[in-house]
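These are the residues of each chain, in order.
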Amino acid sequence: MSESEITLDAGHAAALEPSPYALQSKKLTMWLFIISDAVTFGAILFGYAYLRIGTPNWSTPFHFSPNIVNGLVMTFVLLSSSLTMLAADAAAKEGRKSSCLKWLGATVVLGIVFATLHLREWFHMFDEGWSLSKNPLGGSVQFGATFFSITGLHLMHVISGIIALIVIAIGYNTDWLDAGHVETTGLYWHFVDLVWMFVFPLLYLMNVAR
Amino acid sequence: MTETNHEPGMKEYIAIWVGLLCIVGIEAFLTSMNLSTRTLLVSLLVLAFIEAGIALLYFMHLKYEKPNLFWSLVPAVIFVLFMMNHIWPDAYRMANLRVPIQ
């Protein structure tokens, strides 16, 4: 190593502080995305609550069966997909590639089941006459507007997550991506699960007919 | 929150998963009871925050990261969500001062 290189290295060492988080940059980036997305979901849930308080003829159309039972099954599926994602993450960290791919596949399947159950519920509601601007019960149209907007945004996250998991699985299988990518995608998937923990009680359980 | 790499194993994760399912079951049970809207809302929100906290700390491994990460991210989100609470007086104004529906 020449004297000029040594001087350059010493200069960089002085300029670069150690990371205060000790994280891979992709993982820190995902955390920053998650935080901004959490605020987005927080804002739309506050908007939903604002409209609900301010709307005197708010409709509560759900019944324990089939709506809440369906919601419980969806919750079970999404929570289980977080568990399979953790198994995939653990396998990736230990270098067990086939096991990781198996658990990533299970997570994708559970995500597809969740999305299918969600869309089936939506189409059932469309058949009943619900839409963003229609209420077949004759009350305020705000229920349909908020319900489809919020669950639609969440469903979009689930579908994006499924696509991301498939890309990650292919990349990990071909050694294009590593265990860090699996972990980072897992963070996103758990966040989607975390959001559902607020969407389910606030949009489903709080709208059961009494 | 400790700075350690000893993340839970699958047995611990399964126990946490069962715990989260139990909380969801409690939420559904509370909904089936004839609670007032306010009581039900508060109960469901408390349970949802407990669930979210468990998911954040264990599933998302925040408990096992450096404390700097927690202190950089979480208080900022709580502050932003807290500041959104200024909308409630206007929501009650909409409900109470509007022209009655004919």
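This text follows the structure it describes.
Quick summary incoming for the structure in this document.

Quick word on the nonpolar core
All names here are of chain A. A88, C100 and L104 are the most contacted members of the largest nonpolar core, which totals 61 residues. Sorting elements by how many residues they give to this core places helix α6 (residues 179-204) first, with 15 residues. The residues contacting C100, other than those within four sequence positions of it, are A88, A91, A92, Y172 and V182.

Some details on the environment of F143 of chain A
All names here are of chain A. Here F143 shows up in helix α5 (residues 142-173). For the pair formed by F143 and Q24, sequence separation is 119 residues and the distance between their alpha carbons is 42 Å. Each residue touching F143, except ones within four places of it in the same chain, is listed here: W58, S59, P61 and N135.

Concerning the interface of chain A and chain B
Counting residues at the interface gives 36 residues for chain A and 35 residues for chain B. Among the elements of the structure, α2 (25-54), α3 (64-93) and α6 of chain A are those that each provide at least two residues to the side of chain A that touches chain B. Classifying every residue of the side of chain A that touches chain B by side-chain character gives 29 nonpolar, 6 polar and 1 charged.

Section: the environment of R96 of chain A
All names here are of chain A. If you trace the backbone, R96 turns up in the loop between α3 and α4 (97-128). Judged by the 14 C-beta atoms lying within 10 Å of it, R96 falls in the partly exposed class. Each C-alpha atom, one on R96 and one on L137, is 54 Å from the other, the two residues being 41 residues apart in sequence.

Focus: unusual backbone geometry
Residues and elements named next belong to chain A. Across the junction of S65 and P66, the peptide omega takes the value 15°, indicating a cis bond. Among the secondary structure elements, P66 is positioned in helix α3. Even without a glycine there, the phi angle at A22 is positive, about 55°. When you line up the elements, A22 lands in the loop between α1 (3-15) and α2. Of note, D175 is a non-glycine position whose phi angle comes to about 65°, a positive value.

Considerations on helix α2 (residues 37-59) of chain B
Look at α2 of chain B: 31 Å from first C-alpha to last across 23 residues, which is about the 33 Å you get at 1.5 Å a residue. For α2 of chain B, the full list of buried residues reads L40, L44, A48, E51, A55, L56, Y58 and F59 of chain B. Buried residues belonging to α2 of chain B abut α3 and α6 of chain A together with α1 (10-32) of chain B. One or two residues past the end of α2 of chain B sits H61 of chain B, with phi positive at roughly 65°.

Conventions adopted
- Residues numbered from 1 in each chain as written.
- Chains lettered and ligands numbered in written order.
- Predicted model: local features only at pLDDT ≥ 70, side-chain atom pairs only at ≥ 80, totals over all residues.
- Core = buried A, V, L, I, M, F, W, Y, C linked by C-beta atoms within 7 Å.
- Buried ≥ 20, exposed ≤ 12 C-beta atoms within 10 Å, placed from the backbone.
- Helix = DSSP H or I, 4+ residues; strand = E, 2+ residues; numbered from the N terminus.
- Contact = placed C-beta atoms within 7 Å.
- Nonpolar A, V, L, I, M, F, W, Y, C, P; charged D, E, K, R; others polar.
- Expected span 1.5 Å × (residues − 1).

Remember, this is a structural readout, not a statement about activity or role.
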